[in-house]
Amino acid sequence: MEDTVAIQDTTINQDTTPNSDRKPNPKRLGLVLRTWWDQESDNEDSDEEDEDDEMRQFKKVPEGHALVSFLDGSPLHFRKEETLVCVDRAMCHGDIVRLKDQPSTEQSGTVIRARMMVDLKHVITGEHLLNVDASLLQYMHDVEEPVCNGSLKNFERGVWLNGEFSRKNKTGIILQNKTEQLRVNWSLYHSLKTAADDQSMDPPDEIVDFSMVQVLPSHFEFASYQIGDRVVFRDPANYDRFPPFQWNVSLPGLDADCRRCMTIVGTRTFVDIEWQDGTVTNDVPSINTVPCLHLDDQDLWPTDYVVLKKEEEDGEKPKDERVGVVLSVQSKERLSKVRWFDDGMDKLEEPVEEYSLYEVTTHPDMQFRIGQKVVLSYTNEHDKPSDTDSWFGEVLGIEKDGMVHVKFCQTGKEGPFTPKRLVVVDQDEDGPYAGDDEEEEDSEWEDMDEGEEGWA
């Protein structure tokens, strides 16, 4: 969906007069897809062709309203914000937040950990499981949001396990489908498997067979669940922990996961927050926080990489800048404590020094956040690791010693790396091959031996 900010809030519909004592109605759970104050995200640069006809008609949200998709399957429609009660707020690792009732002049903090408890409903039997740790689950399909044509013709061709096709009945639950092909926007080449000669090469085909790709799961998948998602247990042994739940429903033609498939019908998110002064608050309900969407350019947070501000000549960046790590920030006093790397950027040196927030600024390239995708790089053969499959990963954390802790998506290996070895993948861009302009300047990519698995 286009509006990724508005989709974060999980809400309940409350048909009562607006007051501070409104209670949520657990039978009307839904997701906020868009809000009226988010209109500026739907600017002229948005690609309307990517939206279906149903979403296009809801593009303009009336003031004071929100576009809601309800879990009960009722049609999308606008609701007045005063009739909605927020029961859970989705949070990502690395988000900058404040407490809900905290003045804007107080310090903000970074989400360093998140956990989610979910309520589940068995897709076939309707039985419920309550308060399940989301880290025990995984998505039903390796690739979410498969393209399904829900026309009556396809429903007629489908294998009906319960009931039968009728043109009068236009709704049903798809229990099992098979992904055969994917449309892939290739964004990166394998930085550790490229040849020495610098030649351009074309990416793989945009349409590929599903059997030819490896899905790279996120370490933080458990924090991305929303109501309506279909999930199964990651470890089959967990099914024995919830008797007498009817896991093995007798329906011919369904594999084990489909018989055990569950729908998420409720979420509760809790976060650990590291504040600017370096203190940590644990297990804060996400609904008690407010995301900071418009950050002050002068603000800093612990583990930010910084450089001293210098007068730039002829618009060029100063050379041989020292790189430091912020240890803590006094928000009201606008002061920060910093330790600097040695000349080789291999380790931090003493002492800890204090600077005004107007004397230092974030490093233009080393802007790491928990959950970001990164690529491992090397400047010489001595730095090149022997394990060339560990090259693309996620940031698990930034340590106080200045090292970035990374888990590699393909191998599952993890470890600390100096920030000079890592490059952040910009996931907001469509990749170097987006667009239809044939006269667009070609991007230069390293050549690889034919047949090597080197693209992501």
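Residues numbered from 1 in each chain as written. Predicted model: local features only at pLDDT ≥ 70, side-chain atom pairs only at ≥ 80, totals over all residues. Heavy atoms only, no water.

For the chain, the name recorded in an unreviewed UniProt entry is UBE2O-like SH3-B domain-containing protein, with Rhizophlyctis rosea as its organism.

When you go through the chain residue by residue, the secondary structure sums to three helices and 25 strands. The buried share among the 456 residues of the chain stands at 39%. In the chain, the proportion of contacts linking residues at least 24 apart, taken out of those at least 6 apart, comes to 64%. Accessible area of the chain: about 26900 Å², with a carbon and sulfur share of 45%. (Helix = DSSP H or I, 4+ residues; strand = E, 2+ residues; numbered from the N terminus. Buried < 20%, exposed > 50% of the residue type's maximum accessible area, 1.4 Å probe, protein only. Contact = heavy atoms within 4.5 Å. Areas by Shrake-Rupley, 256 points an atom, 1.4 Å probe, with all protein chains shown as cover.)

Let's shift gears to the pattern of salt bridges. This structure, assessed with the given rule, holds 13 salt bridges. Its salt-bridge partner being Lys400, residue Glu274 comes within 2.6 Å of it at the nearest N-O pair. Here Glu274, found in strand S13 (residues 262–275), pairs with Lys400, found in the loop between strand S22 (392–398) and strand S23 (404–408); they are 126 residues apart in sequence, far enough to count as distant. By relative accessible area, Lys400 is classed as partly exposed at 40%. Across the salt bridge formed by Asp346 and Lys420, the nearest N and O atoms sit 3.4 Å from each other. With Asp346 in the loop between strand S18 (335–341) and strand S19 (348–356) and Lys420 in the loop between strand S24 (414–417) and strand S25 (422–424), this pair connects stretches of sequence that are 74 residues apart. (Salt bridge = Lys/Arg side-chain N within 4 Å of Asp/Glu carboxyl O.)

This part covers the environment of Asp296. By the element assignment, Asp296 lies in the loop between strand S15 (289–291) and strand S16 (305–308). Of the polar contacts made by the side chain of Asp296, one reaches the backbone nitrogen of Gln298; its length is 2.8 Å. (Polar contact = N/O pair within 3.5 Å; in protein donor to acceptor, adjacent residues only side chain to side chain.)

Reading across from one edge, S24-S23-S22-S21-S25 is the order of the five strands in this open sheet, with antiparallel pairing throughout. Edge positions in the sheet fall to S24 and S25, since each has one partner strand and no second. Ignoring strand direction, the axes of neighbouring strands in this sheet form an average angle of 45°. Note: strand S21 (residues 373–376) against S22, three bridges, orientation antiparallel. Along S22, the bridge assignment pairs Val375 with Phe392. (Pairing = 2+ DSSP bridges. Axes fitted to C-alpha atoms, helices over the stretch in contact; angles between N-to-C directions.)

Turning our eyes to something else, we now look at the sheet that holds S16. With respect to topology, five strands assemble into an open sheet ordered S19-S18-S17-S16-S20, the strand pairing being antiparallel. Two strands lie at the open edges of the sheet, namely S19 and strand S20 (360–362), each paired on one side alone. Each strand of the sheet is rotated relative to its neighbour by a mean of 40°, with strand direction disregarded. In this sheet, strand S17 (residues 324–330) lies alongside S16 in antiparallel orientation, the contact comprising two bridges. If you follow Tyr305 over to S17, its bridge partner there is Val325.

Ranked by internal contacts, the top residues of the largest apolar core, which has 45 residues, are Leu120, Tyr225, Tyr305 and Phe368. Within the second largest apolar cluster, nine residues are counted, among which are Val326, Val329, Val338 and Trp340. (Core = buried A, V, L, I, M, F, W, Y, C linked by side-chain atoms within 4.5 Å.)

The buried fraction of S13 is high, at 12 of 14 residues. Relative to S13, strand S7 (residues 109–122) runs antiparallel, the two sharing 13 bridges. Within S13, the residue paired with Arg115 across the bridge is Phe270. Of the pairings in the sheet, the one linking strand S12 (residues 230–233) to S13 comprises two bridges and is antiparallel in character. From the neighbouring strand, Val231 faces S13, where its bridge partner is Met262. Of the pairings in the sheet, the one linking S13 to strand S14 (residues 280–285) comprises four bridges and is antiparallel in character. In the sheet register, Glu274 faces S14, and the bridge partner there is Val280. Between the antiparallel neighbours S13 and S14 lie four residues, among them Gly278 with a positive phi of about 95°.

With that out of the way, let us pick up the packing of aromatic side chains. Under the criterion given, the structure shown has seven aromatic pairs. Ring geometry for Trp391 versus Phe392: centroids 5.8 Å apart, planes at 45°, classification tilted. Taken individually, Trp391 and Phe392 each receive the classification buried, so the pair is uniform in this respect. Measuring from centroid to centroid gives 5.6 Å for Phe408 and Phe417, while their planes differ by 85°, and the two rings are edge-to-face. Among the residues examined, Phe417 registers a relative accessible area of 17% and is labelled buried. An aromatic cluster is defined as three or more aromatic residues linked by ring pairs; in this entry it consists of Tyr305, Phe341 and Phe368. The side chain of Arg260 reaches across the aromatic face of Tyr239, ending 4.3 Å from its centre. The ring of Trp340 has Arg322 lying over it, and the distance from NZ or CZ to the ring centre is 4.4 Å. (Phe/Tyr/Trp six-rings, centres within 6.5 Å; stacked < 30°, edge-to-face > 60°. Lys NZ or Arg CZ within 6 Å of the ring centre and 35° of its normal.)

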